[in-house]
Amino acid sequence: MGEEGQMILLSALAACLCLLGVVACIAAIDGTSYMEAGRLSDDGMDNVRWAQDCALQRAAFYSSAYPWECRADAALKFKSDVDTSMDSLAGELLRHGTIYRFSLNGSLAGDYVASNPGNGTLNIDGVLVEHEGGRARICGCAYDAFAYDGVTAYRESRVLTFD
């Protein structure tokens, strides 16, 4: 099997692992995470945040195998994996009566890069990429997340970095 075939298999495996992680997290969010009025509790929102961040970290891990010259491809792979995971998370939350939206935030990532000069991090449409040993490593992202349960709206804009 050629190198391209191996990358395709690795990409498919990464997407499956991201989805499995999200599904496991959503399964952990059961009826006990909701208040009597059907609202998503703060604990329930913490679980959503945890599932979201785990999916982001897993996508970063599987998108960091690109040479530095292909850093835009690494960012595109990360965004694709994130879109798949967040669509799955949104679908599960919608089944429980909560609207969920997630988007990468390029301007927030740009602010992060500008406030941390000298570390060699690049912002590629909200994806933070750094040069590490000739490879492009996804080291974080900036995002906006929104959840609405019919009563309460949760909004968060955040820069998440990965170790």
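Just above, that's the structure.
Residues numbered from 1 in each chain as written. Predicted model: local features only at pLDDT ≥ 70, side-chain atom pairs only at ≥ 80, totals over all residues. Heavy atoms only, no water.

A.B. asks: Explain the side chain of Glu 130 here, please?
C.D. replies: Along the chain, Glu 130 falls in strand 4 (residues 127–132). Among the polar contacts made by the side chain of Glu 130, one reaches the side chain of Arg 137 at a distance of 2.8 Å. Aside from chain neighbours lying at most four places away, what touches Glu 130 is Trp 68, Gly 120, Thr 121, Arg 135, Ala 136, Arg 137 and Cys 139. (Helix = DSSP H or I, 4+ residues; strand = E, 2+ residues; numbered from the N terminus. Polar contact = N/O pair within 3.5 Å; in protein donor to acceptor, adjacent residues only side chain to side chain. Contact = heavy atoms within 4.5 Å.)

A.B. asks: Before we go on, may I ask you to explain helix 2 (residues 42–62) in this structure?
C.D. replies: Side chains that are three or four residues apart share a direction in an α-helix, a result of its 3.6 residues per turn. In this model helix 2 runs 30 Å from its N-terminal to its C-terminal C-alpha over 21 residues, within 8% of the 30 Å that 1.5 Å per residue would give. Residues Gly 44, Met 45, Val 48, Ala 51, Gln 52, Asp 53, Ala 55, Leu 56, Ala 59, Ala 60 and Tyr 62 constitute the buried set of helix 2. (Expected span 1.5 Å × (residues − 1). Buried < 20%, exposed > 50% of the residue type's maximum accessible area, 1.4 Å probe, protein only.)

A.B. asks: What is the right way to look at the pattern of salt bridges in this model?
C.D. replies: Side-chain pairs of opposite charge can arise where the charged atoms are in close proximity. Counting across every chain of the model gives eight salt bridges. Among the ionic pairs, Arg 49 bridges to Asp 46, the shortest N-O distance being 2.8 Å. Pair noted here: Arg 49 and Asp 46 are both in helix 2, with a separation of three residues, about one helical turn. With a closest N to O distance of 3.2 Å, Arg 49 and Glu 156 form a salt bridge. Remark: Glu 156 occurs in strand 6 (residues 153–161) and Arg 49 occurs in helix 2; sequence separation between them is 107 residues. Using a relative accessible area of 24% as the deciding quantity, one classes Arg 49 as partly exposed. The network of salt bridges with common partners includes Asp 46, Arg 49 and Glu 156. (Salt bridge = Lys/Arg side-chain N within 4 Å of Asp/Glu carboxyl O.)

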